[in-house]
Amino acid sequence: MFEAVLFDLDGVITDTAEYHYQAWKALADRLDVEIDRTFNEKLKGVSREDSLRLILEHGGQTELYSEDEFHAFAKDKNDFYVESIQAFSADDIYPGILPLLNDLKKNNIKIALASASKNGPFLLERMGLTDYFDAIADPAAVKKGKPAPDLFLLAAEKIDAEIENCLGIEDAQAGIIAIQSAGALPIGVGSVEDLGEGISLVSDTSKLSYAYLIEEWQKTRA
Ligand code: G6P
Ligand code: MG
């Protein structure tokens, strides 16, 4: 059996993936770079700075701005985003997540957060979820962000779990690759088109349950 579950946050625990998109879209419009939801799939799970690099690259503007301007753009995006999540509460927790967290706790399965977002702890607090988490992996503490395995490895280390005995739940391509290369078992939230074939997938979080995780674990790891 698995001993821990490593959760992504944005797009798994709550709908912040949409708010990140709206904040990037506002900045991209200002910079005259066209982005849409298909392009946004590439930004999911990716750090603030790397996302901005991808957007500038997409608009052919990589060479256009100084380092100071780059950091100012990243700050503007974050200010927009932070403003939009101020009113988050327990009402914003995705369906199925709270019963899953409760069942994991009841069964002594450890829970850790492996989100690339520096706003993760704030959001957990707003949604009243902080106490469910045995550890939060700090994205600032790892050299490489997703799709590198580092953040998931750090999350497992912080709760003293063997990474091979962990499940990781993700809604992003970059996150699924990170979980796989870390050596944990990925569970995707989303579509085959976005996340690819050959992994356990649910279309939305209401389909996630402790029983489902056990079933998928036994299918692939037993
Ligand atoms: C998550 C989101 C990304 C976001 C990243 C950094 O991985 O999926 O869209 O860019 O976190 O978030 P932050 O709140 O630190 O800018
Ligand atoms: Mg995500």
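Residues numbered from 1 in each chain as written. Chains lettered and ligands numbered in written order. Predicted model: local features only at pLDDT ≥ 70, side-chain atom pairs only at ≥ 80, totals over all residues. Heavy atoms only, no water.

Per an unreviewed UniProt entry, the protein is named Beta-phosphoglucomutase, and its organism is Jeotgalibaca ciconiae. The protein has a UniProt comment under Subcellular location (unreviewed entry) that states "Cytoplasm". The Sequence similarities (unreviewed entry) field of the UniProt record for the protein holds the comment "Belongs to the HAD-like hydrolase superfamily. CbbY/CbbZ/Gph/YieH family." (UniProt positions renumbered as here; feature names shortened; annotations may be inferred.)

Undergrad: I keep staring at the coordination of the magnesium ion (ligand 2) and nothing clicks. Help me out?
TA: Tetrahedral coordination by four donors puts the ideal angle at the metal at 109.5 degrees, and octahedral coordination by six puts it at 90 or 180 degrees. Donor atoms from the polypeptide that bind the magnesium ion (ligand 2) are D8 (OD), D10 (O) and D171 (OD), placed at 2.0 to 2.1 Å. Sequence positions of the residues that donate to the magnesium ion (ligand 2) give the spacing D-x1-D-x160-D. Within this pair, whereas D8 is found in the loop between strand 1 (4-7) and helix 1 (16-30), its partner D171 is found in the loop between strand 4 (166-170) and helix 8 (173-182), the two being separated by 163 residues in sequence. The burial state of D8 is the same as that of D171; both residues are buried. (Donors = N, O, S within 2.8 Å, 3.2 Å for Na, K, Ca; no water. Helix = DSSP H or I, 4+ residues; strand = E, 2+ residues; numbered from the N terminus. Buried < 20%, exposed > 50% of the residue type's maximum accessible area, 1.4 Å probe, protein only.)

Undergrad: So what exactly am I meant to see when it comes to the domain arrangement of the protein here?
TA: Put simply, an interface is often sized by how much accessible area is lost when its parts join up. With domains assigned, the protein is organised as domain 1 (4-14 + 90-221) and domain 2 (17-84). Taking only C-alpha atoms, the centre of domain 1 and the centre of domain 2 are 24 Å apart. Each partner contributes to the interface: domain 1 provides 13 residues, whereas domain 2 provides eleven residues. Between domain 1 and domain 2, a total of about 1000 Å² is buried, with carbon and sulfur atoms accounting for 45% of that surface. On the surface where domain 1 and domain 2 come into contact, there are zero salt bridges. Class assignment of the residues belonging to the side of domain 1 that touches domain 2 gives a composition of four nonpolar, four polar and five charged. (Domains from an automatic or database assignment. Contact = heavy atoms within 4.5 Å. Buried area = accessible area lost by both parts, 1.4 Å probe. Salt bridge = Lys/Arg side-chain N within 4 Å of Asp/Glu carboxyl O. Nonpolar A, V, L, I, M, F, W, Y, C, P; charged D, E, K, R; others polar.)

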